[in-house]
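What follows is each chain in one-letter form.
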Amino acid sequence: MEYKAITCFFCFEQFEVSLEVGSSFVGNISEIYDCEVCCNPNKIDYEVYDGEININNVGNGNE
Ligand SMILES: [Zn+2]
């Protein structure tokens, strides 16, 4: 479990999400997280490689 601060797609406030990362997992993941401030769904695309998380995009989770 790793915590990352992201900027909400809707209200531009920052909030933390906890991302589940398997130690041997490599690849791209898309998950929906509700903003802690405005409760809108943010779709977070992130990439896991060698235990490192890179967030590629935060978008509209309603689509
Ligand atoms: Zn928000």
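Rules and cut-offs
Residues numbered from 1 in each chain as written. Predicted model: local features only at pLDDT ≥ 70, side-chain atom pairs only at ≥ 80, totals over all residues. Heavy atoms only, no water. Helix = DSSP H or I, 4+ residues; strand = E, 2+ residues; numbered from the N terminus. Rg over C-alpha atoms; globule rule 2.2 N^0.38 Å. Donors = N, O, S within 2.8 Å, 3.2 Å for Na, K, Ca; no water. Pairing = 2+ DSSP bridges. Axes fitted to C-alpha atoms, helices over the stretch in contact; angles between N-to-C directions. Core = buried A, V, L, I, M, F, W, Y, C linked by side-chain atoms within 4.5 Å. Buried < 20%, exposed > 50% of the residue type's maximum accessible area, 1.4 Å probe, protein only. Contact = heavy atoms within 4.5 Å.

Colleague: Any chance you could break down the overall build of the chain for me, citing the residues and the numbers?
Modeller: Within the chain one finds zero helices and five strands. Helices (α) and strands (β) of the chain occur, in sequence order from the N terminus, as β-β-β-β-β. Over its C-alpha atoms the chain spans a radius of gyration of 11 Å, differing by no more than 12% from the 11 Å that the globule rule assigns to 63 residues. Expressed as lengths along the three principal axes of its C-alpha atoms, the size of the chain is roughly 35 × 20 × 15 Å.

Colleague: Residue-level account of the coordination of the zinc ion, with values.
Modeller: Here the zinc ion is held by the protein donor atoms Cys8 (SG), Cys11 (SG), Cys35 (SG) and Cys38 (SG), which lie 2.3 to 2.4 Å from it. Sequence spacing of the donor residues for the zinc ion, all on one chain, is C-x2-C-x23-C-x2-C.

Colleague: Could you give an account of the sheet that holds strand S3 (residues 27-34), naming the residues involved and the relevant values?
Modeller: Within the open sheet, the three strands sit side by side as S3-S4-S5. Their pairing is antiparallel. Edge positions in the sheet fall to S3 and strand S5 (52-60), since each has one partner strand and no second. Within this sheet the neighbouring strands show an average axis-to-axis angle of 25°, counted without direction.

Colleague: Tell me about the nonpolar core, residues and numbers included.
Modeller: Membership of the largest hydrophobic core is limited to 12 residues, which are Ile6, Cys8, Phe15, Val17, Leu19, Val21, Tyr33, Cys35, Ile44, Tyr46, Val48 and Ile53. Mapped by element, the contributors of at least two residues to this core are strand S2 (14-19) and strand S4 (41-49). When residues no more than four places from it in sequence are discounted, the contact partners of Ile6 are Glu13, Gln14, Phe15, Val17, Ile44, Ile55 and Val58.

Colleague: Got a sec to walk through the pairing of S3? Specific residues and values, please.
Modeller: Relative to S4, S3 runs antiparallel, the two sharing eight bridges. Along S4, the bridge assignment pairs Ile29 with Tyr46. Linking S3 back to S4 in an antiparallel pair, the connection comprises six residues, with Cys39 at a positive phi of about 70°.

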